[in-house]
Structure formats: C-alpha cells, structure tokens
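Given next are the chains, with one letter for each unit.
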Amino acid sequence: MQTLTPHVYWAQRHGDIYLRVELSDAKNLDICVQDNTLQFKAQGHGAKGVNDYEFSLDFLEPVKPEVSHRSTQRLVNVTVRKLEQRWWDRLTLQERKPLFLAPDFDRWLDESDAEMELQAKEEEKINKVSIESRIRKDAYLGLKKGYLFMYNLVQFLGFSWIFVNMTVRLFILGQDSFYDTFHTIADMMYFCQMMAVAEVINPLVGLVKTGVFPAMIQVVGRNVILFVIFGSLEEMQNKAVVFFVFYLWSTIEIFRYPFYMLACIDTDWKLLTWLRYSIWIPLYPLGVLAEAIAVIQSLPVFDETRLYSIPLPTVLGSSFSFSYTLKLYLALMFLGLFINFRHLFRQRRRRLRSRKRKMD
C-alpha cells in the first residue's frame, strides 16, 4: 500500500491544539512529538480508500511532548498541549498552510471568544472550590441518600401498581371500572398517601432542600380528599370522580418518584427529567379540578348526614355544618393551586435552563 496524507482539521485554545484526522477504522496508530514536530502514522480508510496515511506538522511555538488521542469509527482526535498558554497567530512554523490542513469550524473560536471561555472555566473552578470549602463533609450522607432512594422507590412501586391496575381495568371493563375504583385501589392509595407525610418531614429536618410549604399544600390537600371526602363517605366511594382523582395522581407520581430516586444516585435521564418538569403542567390543574368536583359532590352528603358537624347552642342553631368548612377549603384549594403552580413553574424554568447551559 502507498503512503498518503489524510485530511486534517485544527482548532486551538490558549493551552491546547485540537486536531481532527479524517481516518475511519484507524489502526496501528503511531503519534508522537519530537523536536516540536508532530509525527502521525496510521492505517485506515481515508479519502483515498484503505491505505497507510501519515503527515507531520512543525508547530509555530513550543509544545509539550505528551500527546493524547482518541479513535472512533470515523476519525482520530488528537490533543497537543502548548508549553505556554498563549494564542498563536497560526498553527505551523511555515507561513504557508499545508494543503491537507484546514480549520475545524465545529470547534473554532476566535481569540476573544476563547478568552471568554477560559475565564468562564476559571470562574466555575473558583466557585466550585469555594462551595466545597464551605460545605462540611456529611458523615451520614450515604445513609440519607439510601433512605431517600428507598422511600422514592417504594412510592414509585405503589403508584405504578395503582396506575397499571386502573389502566388494565379500564381496558377490560370500560366505564364500569369508574364506579368501583375506591374498593379496588383505596388500600394502596391509603398506604402511599400516609407515606407521603414524609415529604413534609424531610425538608423540615434538612434531608432535602425543597420548600416545606408547597409539599404541605399537596400532602394535606390530597389527604383531605382521600380520608375525609372519600374515606368517610360511603356515598362518594362509588362515584366516577374517584377514578379521575386517583388516575391523575398516579400519572404524575410515576414520573416524579423515579426522577428523585435516580437523583439519589447522581443519575440523570434527559427524557425522565423533561417529563418530571413538564407533565404536571396539564395534569396538576386537572387533578385539582377533579378534587374540587369531589368536594362539591360531597357538600349535600355532609349536610344530610351531619357528619363532622359542630353542635351549637340553641340560640345559634342546631349545628355548624361541615359543608361550610369545605366551601372555605374549596376557595383555599384554588389558592394552593396558584401557589404550587408558580413554585413548580419556577422549578421547571430553573432546572431546564441549567440543563441547557450544560449542553451548550
């Protein structure tokens, strides 16, 4: 086989030279720097088919002898460190550029842009050191993460069981599944919602950094619907609204809990992150609307049964109906929707914006 020259593309930063060699399935690589000259030899598939390829570059200024390279199926990436961190006017000692050499526009930056990138990296490094110096090592961090992982795993399994069970019953029974949802699902929903009280306790004791108030709004609101409206009124347990409330709750949670579970082991799935911070936008208001319908449907039942009514002196009347409390709760429910929606939207904007910056 004859020896040929591959196409080579280059870019620089203040401290590095980047070379991209267009050579696929490269093997027998021999790359070194001697006397400030890069020597490259390899076998592979280049512009002239499968051949031996080689080239050399006499650098404009001194470089370090160590060379790092990484091969893929399509190309070979080579990185050379400059001896001094400074911007070069050109790559090679000779003023005339070699014919096989061209700028790598995928990585190309002019000097001012490269300086800004370098400054940003330095600031990030300083900030990281500063934060790490302020944060005291937590001897119980592993134990805390283990507890949070198991909590989110159990909740994920519980709500997944609810979601799958309700979905299967919906396909098999159709609309008939609406009216016995409570008797089929209630025990597991009781378990999950009693466990959810930990989501108020966790930020209180410093296990997580989320706010206490938004978590309390959601947990208290759901437990009022589950235990007071559905659990204590048999007349409500056969209504279709139970299906929609439970189904909307479980749909949100089967994405939220695995996201937090993976966060405990520093794992981030792009699709799951997007779903966790986006799917609530239609589902959360629908869930509150379903809860409001359940409250409205329960008002005449509480008036009729006088359940939870407060006895009053004869002068004031026979009793204070619990339905008045629920009417006040109904107004607070939509106030809570506004507070939590704003909190969740800020979380989404902050999280997705930070992901976009990392990708850039």
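Here is a short report on the structure shown in this document.

The rules behind each value
- Residues numbered from 1 in each chain as written.
- Predicted model: local features only at pLDDT ≥ 70, side-chain atom pairs only at ≥ 80, totals over all residues.
- Heavy atoms only, no water.
- Helix = DSSP H or I, 4+ residues; strand = E, 2+ residues; numbered from the N terminus.
- Rg over C-alpha atoms; globule rule 2.2 N^0.38 Å.
- Contact = heavy atoms within 4.5 Å.
- Areas by Shrake-Rupley, 256 points an atom, 1.4 Å probe, with all protein chains shown as cover.
- Lys, Arg positive; Asp, Glu negative; His and termini not counted.
- Charge placed at Lys NZ, Arg CZ, Asp CG, Glu CD.
- Buried < 20%, exposed > 50% of the residue type's maximum accessible area, 1.4 Å probe, protein only.
- Pairing = 2+ DSSP bridges.
- Axes fitted to C-alpha atoms, helices over the stretch in contact; angles between N-to-C directions.
- Left-handed = near helix turned anticlockwise from the far one by under 90°.
- Nonpolar A, V, L, I, M, F, W, Y, C, P; charged D, E, K, R; others polar.
- Expected span 1.5 Å × (residues − 1).
- Bend = angle between axes of the 7 residues up to and from the residue.
- Salt bridge = Lys/Arg side-chain N within 4 Å of Asp/Glu carboxyl O.
- Patch = residues over 30% accessible without salt bridge, like charges linked within 9 Å, V, L, I, M, F, W, Y side chains within 5 Å.

**Brief notes about the overall build of the protein**
Then step 1. Broken down by element type, the protein carries 9 helices and 11 strands.
Then step 2. Its C-alpha radius of gyration of 32 Å places the protein more than 25% over the 21 Å reference for a compact globule of 360 residues.
Then step 3. Along the first, second and third principal axes, the C-alpha atoms of the protein reach 105 × 50 × 35 Å.
Then step 4. Excluding contacts between residues fewer than 6 apart, the proportion of contacts in the protein whose partners are at least 24 apart in sequence is 67%.
Then step 5. Accessible area of the protein: about 21600 Å², with a carbon and sulfur share of 59%.
Then step 6. A gap of 4 Å separates the mean positions of the 43 positive and 38 negative side-chain charges of the protein.

**Digging into the pairing of strand β8 (residues 76–82)**
Then step 1. With burial as the criterion, only one face of β8 is covered, namely that bearing V76, V78, V80 and K82; the residues N77, T79 and R81 on the opposite face remain uncovered.
Then step 2. Pairing analysis gives 6 bridges linking strand β3 (residues 16–21) to β8, with the strands arranged antiparallel. Counted as the bridge partner of D16 is R81 from β8.
Then step 3. Sheet topology places strand β7 (residues 63–71) next to β8; 6 bridges connect them, and they run antiparallel. The partner of V63 across the bridge, within β8, is K82.
Then step 4. Between the end of β7 and the start of β8, which pair antiparallel, lie 4 residues.

**Some points on the packing of helix α2 (residues 141–173) against helix α6 (residues 241–263)**
Then step 1. Orientation of α2 relative to α6, taken along the N-to-C sense of each, is 145°, at an axis distance of 8 Å. When you trace α2 past α6, the crossing you get is left-handed.
Then step 2. A breakdown of the residues in the contact of α2 with α6 according to their chemical character gives 17 nonpolar, 6 polar and 1 charged.

**Considerations on helix α3 (residues 181–195)**
Then step 1. Its 15 residues place the ends of α3 21 Å apart at the C-alpha level, agreeing with the 21 Å of an ideal helix rising 1.5 Å per residue.
Then step 2. The largest bend in α3 amounts to roughly 40° and is located at D187.
Then step 3. Listed in full, the buried residues belonging to α3 are T181, F182, I185, A186, M189, Y190, C192 and Q193.
Then step 4. Close packing links the buried residues of α3 with α2, α5 (212–230) and α6.

**Considerations on the sheet that holds β3**
Then step 1. Pairing in this open sheet of 5 strands is mixed, and the strands run β7-β8-β3-β2-β9 from one edge to the other. The open sheet has two edge strands, β7 and β9 (101–103), and neither has a second partner. Strand-to-strand, the axes of this sheet are offset by a mean angle of 25°, without reference to chain direction.

**A few points about α5**
Then step 1. Relative to the 27 Å expected for 19 residues at 1.5 Å per residue, α5 spans 26 Å between its end C-alpha atoms, a close match to the ideal helical length.
Then step 2. Those residues of α5 not exposed but buried are P214, A215, V219, G221, R222, N223, V224, I225, L226, I229 and F230.

**Quick look at the pattern of salt bridges**
Then step 1. Under the definition given, this model contains 9 salt bridges.
Then step 2. The shortest N-O distance in the salt bridge between R81 and D16 comes to 2.4 Å. Taken as a pair, R81 in strand β8 and D16 in strand β3 lie far apart in primary sequence, 65 residues in all.
Then step 3. Overall, the relative accessible area of 39% leaves R81 in the partly exposed class.

**A look at a negative patch on the surface**
Then step 1. Taken together, the side chains of D89, D110, E111, D113 and E115 make up a negatively charged region of the molecular surface.
Then step 2. Structurally, E111 can be placed in helix α1 (residues 111–134).
Then step 3. Under the relative-accessibility criterion, E111 is labelled partly exposed at 36%.

**What to know about a nonpolar patch on the surface**
Then step 1. Together, V164, V168, F171, I172 and L173 make up a nonpolar patch on the protein surface, roughly 540 Å² of accessible area in all.
Then step 2. Note that F171 resides in helix α2.

**A few points about unusual backbone geometry**
Then step 1. Within the chain, D25 stands out as a residue other than glycine whose phi angle is a positive 50°.
Then step 2. Inspection of the secondary structure assignment puts D25 in strand β4 (residues 24–34).
Then step 3. On the accessibility criterion, D25 (53% relative accessible area) is exposed.
Then step 4. A positive phi angle is found at N36, which is not glycine, with a value near 65°.
Then step 5. Within the fold, N36 resides in the loop between β4 and β5 (37–46).
Then step 6. Residue class for N36 comes out partly exposed when judged on its relative accessible area of 21%.

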